[in-house]
Amino acid sequence: MNRTATRLLIAGFAACLLGEASSASAQGFDWKRHQGETIDFLTENHPWSNAVVAQLPEFEKLTGIKVQVDTFQEQQMRQRLVTLLQSKSQTVDAFMSLKSLEGRLYAHAGWYADLATLMHAPGETAPDYDVADLSHALVAGETFAGRLDGIPLNIEGPIVYYRKDVFQKCGIPPPASLDALMAAAAALHQCEPTVIPWATRGMKPALPYTFSNVLHNFGADYLDAAGKPVLCDPAGINAITWYADMLRQYGPPGAVNNSFLQTRELYGQGRAAMAFESSNEFGEMMKFPHRQDDTGVMLLPPGPGGASKPTVIGWGLSLSAFSTKTPAAWYFVQWATSKEMDAHLALQGIAPPRDSVANSAEYMAWLHQVPVRQDWAGLLKQMGATGTSEVGPPLDRQPQAREIVGDAVDSVLLGQASAHDAACNADKQIAAMQAEK
Amino acid sequence: MLLPALGFIALMIGFPLFDTLWLSLQHFSFGSSPRFAALGNYAQLLQDTKFWQGLRVTLALYLLSLALQLLAGLYLALLLHRTRVLRGLLRTLLVSPFVMPPVVVGMMWLVILDPSLGIANWLLGLVGIAPALWLASPDWVVPTVAMIDTWQWAPFVALILLAGLQTLPPDVFEAAAIDGARGWALLRRVTLPLLAPSIITAATLRSVDLLRFFDIIYITTQGGPGDASQTLNIYAFKQGFVFLDIGYASALMVTLTAIVIGAVLVLMRLRQAATW
């Protein structure tokens, strides 16, 4: 969805809420309207849900709604969720959902409840619940075919963490382009041979998250405007070559099996001078000795495609289309994604999806305690404003599509194929997936 | 008494099997309605290069792991059989690897074998050996996974063979000794033939697990690098629970089940032939 359409959509939601707010304000919002109901919430073991679940007694006291929580690891949660949704089970009402991965498929299958309908229902939305305050890019990521299927919970995307002290010692300025980044990696390799210049994801299913940013910065895309796969265009081939070369020449040994875990450890332990990893890992990385003082952060520098086009995604909170308790579950969504809750979570390092929270005095004070926190927060703001949530070819079956991209990059990284052959083969497979529809 | 048992078998074993078989005859992805496909999924499977790659990996891993586990298990069993001191302690130590959850084993070896952070390459470096990529090398990932599984399960094989060794008739060994049989000749001509039923029993038990190899690979490589360690079981899991293509995943699982049953039948025949 383009930005103008997104703004119109958000303005529409906001207008609806404003109308709702005025009537609700007049009558006073009734948080006890669904008292005595019980809802089921299926969640991933995630910092956001852990923090929210800890506050649940407050919600239950406020509304009289009881929340039954089932927490699983991400993959296990998804397995359970698709089984329940496929069987149209009524045993899940609210769930966390990663729209960039599964949103198209779930929306296509009709598994998400339409949140706008709930918002419009008389007296069901608190007057101070402000949708327009949420990041536009994130709301767009929660919207399918013009329908709001979730409320964003956090904001994240890959950023470059770099060791300011090592760069300074080697006399290397922070790179301002992808070419300069590769040159910096080469210079670091010469200057500090014991330090790994560049660490990022190489594992097949994990790498589209970081690779997509490189692809977009090269001015390439997965599909053209007509929906034809174009990874095999020169810009796409160059992006694959750059990504594979960086890992092969300047990455850690065995990078092909690396995901966020290894990247975090390598950078945190001081073994790597640069890491291209999720902004979500900031908190964990800064827990390692010295990293809070010697780390700089930046977006992936721009490439031939012009300005940097960061990848930005986030988890969302959605309701099941098969739930019989969506009004009560919508109360839970409002409470869990309210300004107050987002403000509370922000101070625990969960990047806020709301502009008002990101600009609040409390959050600012927390950021000012450590300089690199401010830089990190600045990047999140930039990502929210200019980022794209396209992590793989925009097809319904994202996991397969991402597997194809991962296969292409890894085959080049392992020396099993040229970038040209890998990219053209990926295009053929993506086209075959499109034809299956 | 027979009826409840039959009911239990029908419900707990028969139903899931027939349901999987039925699903394998459908074009069925989560998020869409099933359509009858007859043998369409099986035809797709025959043309799927990843299926054949998965079959190759499954068989290579099976044969290598089984050979290593039988050899290491036999060696350990013979050592324990001769040992007269601390037998209880040694047996307890032997049991410890295979009572560990596979997730723990996988994570432990993932850390040990990490090419940059692991202790394995550091130890190699101490004795002047170049670092290895271990699980990150397409050429070495199968032997490395086989090594991890052998570390965990060779003691299990050893315990079965030790039990077998302890039941062998001593008079046969006494007669062989009088005839001058010693060392390798005694092992090859007397011990191994007598121990064959126990060896085949251990091989059968390990075959069922090895052909369905999943957990260690899922934890350590998820089938990578590339598809170098993607067994049929991992591939079927990915098709079913990551790509949500339940029909095709069921066809893969039915095929794998047929392979496992086939291997077990062959080994059971061998067991009958080796009984003395």
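Residues numbered from 1 in each chain as written. Chains lettered and ligands numbered in written order. Predicted model: local features only at pLDDT ≥ 70, side-chain atom pairs only at ≥ 80, totals over all residues. Heavy atoms only, no water.

Novice: Explain the overall build of chain A here, please?
Specialist: Of the regular secondary structure elements, chain A holds 21 helices and ten strands. For chain A, the C-alpha radius of gyration of 22 Å lies close to 22 Å, the compact-globule estimate for 437 residues. Along the first, second and third principal axes, the C-alpha atoms of chain A reach 70 × 55 × 35 Å. Out of the 437 residues belonging to chain A, those deemed buried represent 59%. When contacts within chain A are restricted to residue pairs at least 6 apart in sequence, long-range pairs at least 24 apart make up 77% of them. For chain A, the distance from the average site of its 33 positive side-chain charges to the average site of its 45 negative ones is 1 Å. (Helix = DSSP H or I, 4+ residues; strand = E, 2+ residues; numbered from the N terminus. Rg over C-alpha atoms; globule rule 2.2 N^0.38 Å. Buried < 20%, exposed > 50% of the residue type's maximum accessible area, 1.4 Å probe, protein only. Contact = heavy atoms within 4.5 Å. Lys, Arg positive; Asp, Glu negative; His and termini not counted. Charge placed at Lys NZ, Arg CZ, Asp CG, Glu CD.)

Novice: Please explain the overall build of chain B as it appears in this structure.
Specialist: Looking only at helices and strands, one finds twelve helices and two strands in chain B. Mapped from its N terminus to its C terminus, chain B presents α and β elements in the order α-β-β-α-α-α-α-α-α-α-α-α-α-α. Taking the principal axes of its C-alpha atoms as reference, chain B extends roughly 75 × 60 × 35 Å. Here chain B holds 276 residues, and 45% of them are scored as buried. Roughly 14400 Å² of accessible area belongs to chain B as shown, and the carbon and sulfur atoms make up 73% of that amount. Looking at charge distribution, chain B has the averaged site of its 15 positive side-chain charges lying 8 Å from that of its 12 negative ones. (Areas by Shrake-Rupley, 256 points an atom, 1.4 Å probe, with all protein chains shown as cover.)

Novice: Sorry if this is basic, but what is going on with the packing of helix H3 (residues 49–82) of chain B against helix H7 (residues 141–166) of chain B here?
Specialist: Between two packed helices, what matters for the description is the angle formed by their axes and the separation of those axes. Residue and element names in this part refer to chain B. Two elements in contact, H3 and H7, have axes separated by 6 Å at closest approach and are oriented at 40°. If you check the angle between H3 and H7, you find them oblique. In the packing of H3 onto H7, the handedness of the crossing is right-handed. (Axes fitted to C-alpha atoms, helices over the stretch in contact; angles between N-to-C directions. Parallel < 35°, antiparallel > 145°, perpendicular 65-115°, else oblique. Left-handed = near helix turned anticlockwise from the far one by under 90°.)

Novice: Could you clarify how one ought to interpret the sheet that holds strand S9 (residues 295–298) of chain A in this entry?
Specialist: Pairing between the strands of a sheet comes from backbone hydrogen bonds, and it takes one of two forms, parallel or antiparallel. Residue and element names in this part refer to chain A. With antiparallel pairing, three strands are arranged side by side in an open sheet as S8-S7-S9. Both edges of this open sheet fall to strand S8 (274–278) and S9, since each of them pairs with a single strand only. Each strand axis lies, on average, 30° off the axis of its neighbour in the sheet, ignoring direction. Bridge count for strand S7 (residues 158–163) against S9 is four bridges, and the pairing is antiparallel. Bridging from a neighbouring strand, Tyr-162 pairs with Gly-296 of S9. Sheet strands touched by helix H12 (residues 260–268): S7, S8 and S9. Its angle to S8, the strand with the most contacts, is close to 140°. (Pairing = 2+ DSSP bridges.)

Novice: For this particular structure, what's the right way to read the sheet that holds strand S6 (residues 151–152) of chain A?
Specialist: All names here are of chain A. One open sheet holds the five strands; their spatial order is S2-S1-S3-S10-S6, and the pairing between them is mixed. Because the sheet does not close on itself, it has two edges, and the strands there are strand S2 (66–72) and S6. Examined bridge by bridge, strand S3 (residues 94–98) and strand S10 (residues 315–319) share five bridges and lie antiparallel to one another. Across the sheet, residue Ala-94 finds its bridge partner in S10, namely Leu-319.

Novice: Would you explain the state of the cysteines in this entry?
Specialist: When the sulfur atoms of two cysteines share a covalent bond, that bond is a disulfide. Residues and elements named next belong to chain A. Considering all chains together, one arrives at two disulfides over all chains under this definition. Bridging Cys-170 to Cys-191, the disulfide has an S-S length of 2.0 Å. Note on the Cys-170 and Cys-191 pair: the S-S dihedral is about -85°, so by sign convention the disulfide is left-handed. You can see Cys-170 sitting in the loop between helix H8 (164–169) and helix H9 (178–191) and its partner Cys-191 sitting in helix H9, a full 21 residues away along the chain. Note on Cys-170: relative accessible area 19%, which makes it buried. Disulfide partner of Cys-232: Cys-424, at an S-S distance of 1.7 Å. (Disulfide = S-S within 2.5 Å.)

Novice: Whenever I open this one, helix H15 (residues 326–336) of chain A confuses me. Can you help?
Specialist: Because each turn of an α-helix spans 3.6 residues, side chains separated by three or four positions end up pointing in the same direction. Here H15 of chain A lies mainly inside the structure; ten of its eleven residues are buried. Of the residues making up H15 of chain A, those classed as buried are Thr-326, Ala-328, Ala-329, Trp-330, Tyr-331, Phe-332, Val-333, Gln-334, Trp-335 and Ala-336 of chain A.

Novice: It is not clear to me how the confidence of the model for chain A should be interpreted in this structure. Could you clarify?
Specialist: Reading predicted coordinates in detail is not appropriate for stretches of low pLDDT. Taken residue by residue, chain A gives an average pLDDT of 90. The fraction at 70 or more is 94%. Confidence over residues 1–26 of chain A falls short of pLDDT 50; this stretch has 36 contacts with residues more than four positions distant or in other chains. (pLDDT = per-residue confidence, 0-100.)

Novice: Help me out: how do you make sense of the packing of aromatic side chains in this one?
Specialist: One pair of aromatic rings is described through two measures. These are the centre distance and the angle between the planes. All names here are of chain B. Taken as a whole, this structure holds 31 aromatic pairs over all chains when the rule is applied. For the pair Phe-28 and Phe-30, a centre-to-centre distance of 5.9 Å together with 80° between the ring planes defines the contact as edge-to-face. Accessibility classification places Phe-28 together with Phe-30 in one group, the buried group. Here the aromatic rings of Tyr-218 and Phe-237 are separated by 5.2 Å at their centres, their planes lie at 75°, and the arrangement is edge-to-face. (Phe/Tyr/Trp six-rings, centres within 6.5 Å; stacked < 30°, edge-to-face > 60°.)

Novice: What is the right way to read the pattern of salt bridges from this model?
Specialist: Side chains that differ in sign of charge can pair as their charged atoms come close. Taken as a whole and assessed by the stated rule, the structure comprises 25 salt bridges over all chains. A salt bridge links Arg-201 of chain A to Glu-277 of chain A; its shortest N-O distance comes to 2.7 Å. Of this pair, Arg-201 of chain A sits in the loop between H9 and helix H10 (208–217) while Glu-277 of chain A sits in strand S8, and the two are 76 residues apart along the sequence. With respect to class, Arg-201 of chain A is no different from Glu-277 of chain A; both count as buried. Between Asp-227 of chain B and Lys-204 of chain A there is a salt bridge; the shortest N-O distance is 2.5 Å. Linking Asp-227 of chain B in the loop between helix H10 (215–220) and helix H11 (232–242) with Lys-204 of chain A in the loop between H9 and H10, this pair reaches from one chain into another. There is no split in this pair, since Asp-227 of chain B and Lys-204 of chain A are both buried. One connected set of salt bridges, linked through shared partners, spans Lys-204, Glu-403 and Asp-407 of chain A together with Lys-50, Asp-227 and Lys-238 of chain B. (Salt bridge = Lys/Arg side-chain N within 4 Å of Asp/Glu carboxyl O.)

Novice: I'm lost on the pairing of strand S1 (residues 38–44) of chain A in this one. Help?
Specialist: For a regular strand, the rule is simple: side chains alternate between the two faces of the sheet. All names here are of chain A. With six of seven residues buried, S1 is to be regarded as a mostly interior element. Relative to S2, S1 is paired through seven bridges, and the arrangement is parallel. Looking at the pairing, Thr-43 lines up with Thr-71 of S2. The sheet contact formed by S1 and S3 spans two bridges and is parallel.

Novice: Can you help me understand the nonpolar core in this one?
Specialist: Note on soluble globular proteins: their nonpolar side chains tend to be buried together. All names here are of chain A. Counting residues in each nonpolar core, the largest one holds 61 residues, and the members touching the most others are Trp-48, Ile-151, Leu-319, Trp-330 and Phe-332. Per-element tally for this core: the top contributor is H15, with eight residues. Ignoring anything within four residues of it in the chain, the contact list for Trp-48 reads Phe-41, Met-96, Leu-153, Leu-317, Ala-336, Leu-345 and Ile-350. If you look at the next biggest cluster of nonpolar residues, it comprises 55 residues, including Ala-184, Leu-215, Val-256 and Leu-395. (Core = buried A, V, L, I, M, F, W, Y, C linked by side-chain atoms within 4.5 Å.)

Novice: Whenever I open this one, the pairing of S7 of chain A confuses me. Can you help?
Specialist: Residue and element names in this part refer to chain A. The buried fraction of S7 amounts to six of the six residues, a majority that puts the element mostly inside the structure. Burial of the side chains of S7 extends over both faces: Pro-158, Val-160 and Tyr-162 are buried on one face and Ile-159, Tyr-161 and Arg-163 on the other. Relative to S8, S7 is paired through five bridges, and the arrangement is antiparallel. Pairing of Ile-159 across the sheet is with Glu-277, part of S8.

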